[in-house]
Amino acid sequence: MSATPPAANPSPLLETEALTKYFPIVRSIAEVVGRKPGRAIHAVDGVNLVVNAGETVGLIGESGSGKTTLGWVVARLHDPTDGALRFEGKDVFALEGGELRHWRRNVQVVFQDPVGSLDPRLKVWQVVGEPLRAQNQMERWFARNEPKRVVREYRTKVRKERERLRLEYRPDLKARQFLTTEYEKGVAQRAKARDEARRRLDRDYEVAIARADKMKPAPEDLKRVEAEYRAALERAKKAGMPPKQRQEILYQFRPDLKERNRLTNEYDAELARRTKLRTEEEKRLGKEFKVARKAAKKRKLPPEEKKRRYAEYRTFVKVARKAARKPKLPPEEKMRRYEGYRALAKTLPPPPVIPKIPVPPMISNAQIRRRVAEALPLVGLMPAILDQYPHEFSGGGRQRISLARALIVNPKLIILDEPTSALDVAVQAQILNRLVELQRERGIAYILITHNVAAVRFVADRVAVMYLGQIVELGPVREVLERPVHPYTKALLAALPVADVRRRRTRYRIGGDIPTLVDPKPGCRFAPRCPFAEDQCQLNDPVLQPRPGAPSHQVACLRAEQVAGVSPADLLQEGGGAAATLKAAASGALAAG
Ligand code: SF4
């Protein structure tokens, strides 16, 4: 899928490329024993998205469509399974440790739940000022470590470049290195396969042993069982039972030990069998080789045939030797190459300019309080509340505190995860207005994750519609919301409640079953619910593609242009034969198309 923004704004702040996040499902013991492959929930699957500086991109879709997971991966609160994430052209997934923490100030998150995301033990100035303290620590770390990183990076670059030049000058070394690498790869692969087989055996053994341990008597019964066993053993000794048979008495009382013993014997036998097989295989190969050599020796050929074969052999050896001989370079060519090497060596990267970053002083509580007092009015709160606790505020107040916490470090991107879901309509409008004003003042970009399409219409420049981990439609807000093309977008918009008395009795819903996100089948994920689905939809994955004549409006539907003209009401009206209405609408549109 591709989600290139309009060409008018060519400065991408954030780019995701085939971003993927799978959550593996823990396998049951039966699956482990049955060696069934692991399964995973495909929460985000191959998402390409671009967010420009100062732009708002809305993410809408049903619950479970992957909006929040995508936001969390972008903020690196989740590690991705695959794909790339670039922020101002820098690979974010390559950042680790201090570098990652230093980068985090660029992207802040306003969480969905303003109650759970604010620490109730901290006062407002502490909650809002916490990122300042973290940022100060990171800046101090950065000032100390950045010069070291620059030097390290330069040394690595020079080392790699020298190696490349050396190999360019000595093609024989290059060939040898290639062969050695290939050989080592082969050795490593064989060792890996052997280790994996052994690990599988050990794992199966451990699982089986764990099952056997479940047969152990309960701890409260253990003493009684041991007493009964000892009594039975005494009786057996008195009756003159031979020691070998006495073990069976133990097994009668402790079946878990019997099972353990059996499993351990089986495991040992399997190991021994494998070793024996390997040895036998080696022996067999050696023997076969010897026999073949002997047989070849005994085979007598007529003298003329012998002569012919010998001549053939000599020719072959001659040709092979010639081919194997290293081509000798003429001295002038040698000199030319050497000069070339010296010239190339001069192109080594110049020494870096080591940045001199002054280490900022540690931020004090008084400074934090002052900065927080300056930040609170930005979100419509009074500085007088510095010493109050979050629980003393209404939902709207807490959401403003969350917003102030995100803003205080001057981020370039804020991920707003349902920022208005818990608020009444008046407060929603206040918060949204404030977001728009802040964006104008500071040029912040937003990713707005929401179910509230009206908020998207009001705040966002572009909107991406997500369904089961994928973006199915993306484009300018007006274009997508007023002229939706993808059947899912149409259905989603049609299902919105409308304050219109004429439509009060009309109910809309998306029919069909939602396919599972666990290892989804190939093909369009909306196909089980789509009235326009046909055979090709089950087989081919739709790709997000620009519409003809509207490159900024992209749709992932194999029949996009055919279904574009069907109205949402025709598509999903329920009552009076919903299925017939759907099909009629679909076929009517197709006939027209
Ligand atoms: S690709 Fe087929 S199933 Fe998927 S939305 Fe388009 S028409 Fe419906």
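Just so it is clear, the structure is predicted and the values come from calculations on it, not from any experiment.

## Concerning the overall build of the protein chain
- The number of helices and strands found in the protein chain is 20 helices and 12 strands.
- When each of the 593 residues of the protein chain is scored for burial, the buried share is 26%.
- Intrachain contacts of the protein chain at a sequence separation of at least 6 include 72% that bridge at least 24 residues.

## Some points on the sheet that holds strand β10 (residues 470-476)
- Read across the open sheet, the eight strands follow the order β6-β7-β8-β3-β9-β10-β12-β11; overall the sheet is mixed. Looking at which strands have only one partner, the edges of the open sheet turn out to be β6 (107-110) and β11 (545-547). Across this sheet, the average inter-strand angle for adjacent strands is 25 degrees, counted without regard to direction.
- Pairing analysis gives four bridges linking β6 to strand β7 (residues 413-417), with the strands arranged parallel. The partner of V107 across the bridge, within β7, is L413.
- This element, helix α2 (residues 67-74), spans β3 (56-60), β6, β7, β8 (445-449) and β9 (462-467) of the sheet and lies at about 150 degrees to β8.
- In the packing of helix α16 (residues 487-494) onto the sheet, contacts are made with β9 and β10, and the angle to β9 comes to roughly 100 degrees.

## Description of the pairing of β9
- β9 sits mainly inside the fold: six of its six residues count as buried.
- Neither face of β9 is exposed, since R462, A464 and M466 on one face and V463, V465 and Y467 on the opposite face are all buried.
- The hairpin formed by β9 and β10 contains two residues between the paired strands, and L468 there has a positive phi angle of roughly 45 degrees.

## Observations concerning unusual backbone geometry
- Non-glycine residue L468 carries a positive phi angle of around 45 degrees.
- Of note, L468 is situated in the loop between β9 and β10.

## Details of the sheet that holds strand β2 (residues 39-52)
- Taken in spatial order, the four strands make up an open sheet running β2-β1-β4-β5, and their pairing is antiparallel. Here the strands that pair on one side only, and so sit at the sheet edges, are β2 and β5 (90-91).
- Taken together, the two bridges between strand β4 (residues 82-87) and β5 define a ladder with antiparallel strand orientation. From the neighbouring strand, F87 faces β5, where its bridge partner is K90.

## Topic: the pairing of strand β1 (residues 12-25)
- The pairing of β1 with β2 spans 10 bridges and is classified as antiparallel. In the strand pairing of β2, E15 is matched with V50.
- Sheet topology note: the β1/β4 ladder contains five bridges and is antiparallel. Across the sheet, the residue bridging to E15 is R86, located in β4.

## Section: the nonpolar core
- With 90 residues, the main nonpolar core has A404, L413, I415, I447, L448, V465 and I471 as its most contacted residues.
- Considering every element that reaches this core, the biggest residue donor is β2, with six residues.
- In contact with I447, not counting residues within four places along its chain, are V51, V57, L59, G71, V74, L413, I415 and L416.

## Overview of the packing of helix α6 (residues 219-238) against helix α7 (residues 243-253)
- One can describe the packing of α6 onto α7 by two numbers: an axis separation of 10 Å at closest approach and a directional angle of 160 degrees. On the basis of the axis angle, α6 is roughly antiparallel to α7. α6 and α7 meet at a crossing whose hand is right-handed. The segment α6 lies against α7, with V225, E228, Y229, A232, L233 and A236 engaging R246, I249, L250 and F253.
- Per-class residue counts for the contact of α6 with α7 are eight nonpolar, no polar and two charged.

## A few points about the confidence of the model for the protein chain
- Mean pLDDT over the protein chain: 80, with 79% of residues reaching 70 or higher.
- Here residues 1-9 is modelled with pLDDT under 50, and outside its nearest four sequence neighbours on either side it reaches 26 contacts, counting other chains as well.
- Throughout residues 574-593 the model reports pLDDT below 50, and contacts reaching past four residues in sequence, or to other chains, amount to 25 contacts.

## Structural notes on helix α11 (residues 365-375)
- Of all the residues in α11, the buried ones are I368, V372 and A375. Angularly, the buried residues of α11 cover 60 degrees about the axis, an arc narrow enough to put them on a single face. Exposed side chains of α11 directed beyond 90 degrees from the buried face belong to A366 and E374.

## Observations concerning the environment of E206
- By the element assignment, E206 lies in helix α5 (residues 171-213).
- In this structure E206 comes out as partly exposed when scored by C-beta crowding, with 13 C-beta atoms within 10 Å.
- Sequence separation of E206 and L263 is 57 residues, and the distance between their C-alpha atoms is 9.6 Å.

## A closer look at the environment of Q554
- In this fold, Q554 is placed in strand β12 (residues 550-555).
- Between the C-alpha atoms of Q554 and I471, which are 83 residues apart in sequence, the distance is 9.6 Å.

About the criteria used
- Residues numbered from 1 in each chain as written.
- Predicted model: local features only at pLDDT ≥ 70, side-chain atom pairs only at ≥ 80, totals over all residues.
- Helix = DSSP H or I, 4+ residues; strand = E, 2+ residues; numbered from the N terminus.
- Buried ≥ 20, exposed ≤ 12 C-beta atoms within 10 Å, placed from the backbone.
- Contact = placed C-beta atoms within 7 Å.
- Pairing = 2+ DSSP bridges.
- Axes fitted to C-alpha atoms, helices over the stretch in contact; angles between N-to-C directions.
- Core = buried A, V, L, I, M, F, W, Y, C linked by C-beta atoms within 7 Å.
- Parallel < 35°, antiparallel > 145°, perpendicular 65-115°, else oblique.
- Left-handed = near helix turned anticlockwise from the far one by under 90°.
- Nonpolar A, V, L, I, M, F, W, Y, C, P; charged D, E, K, R; others polar.
- pLDDT = per-residue confidence, 0-100.
- Arc of directions from axis to C-beta.

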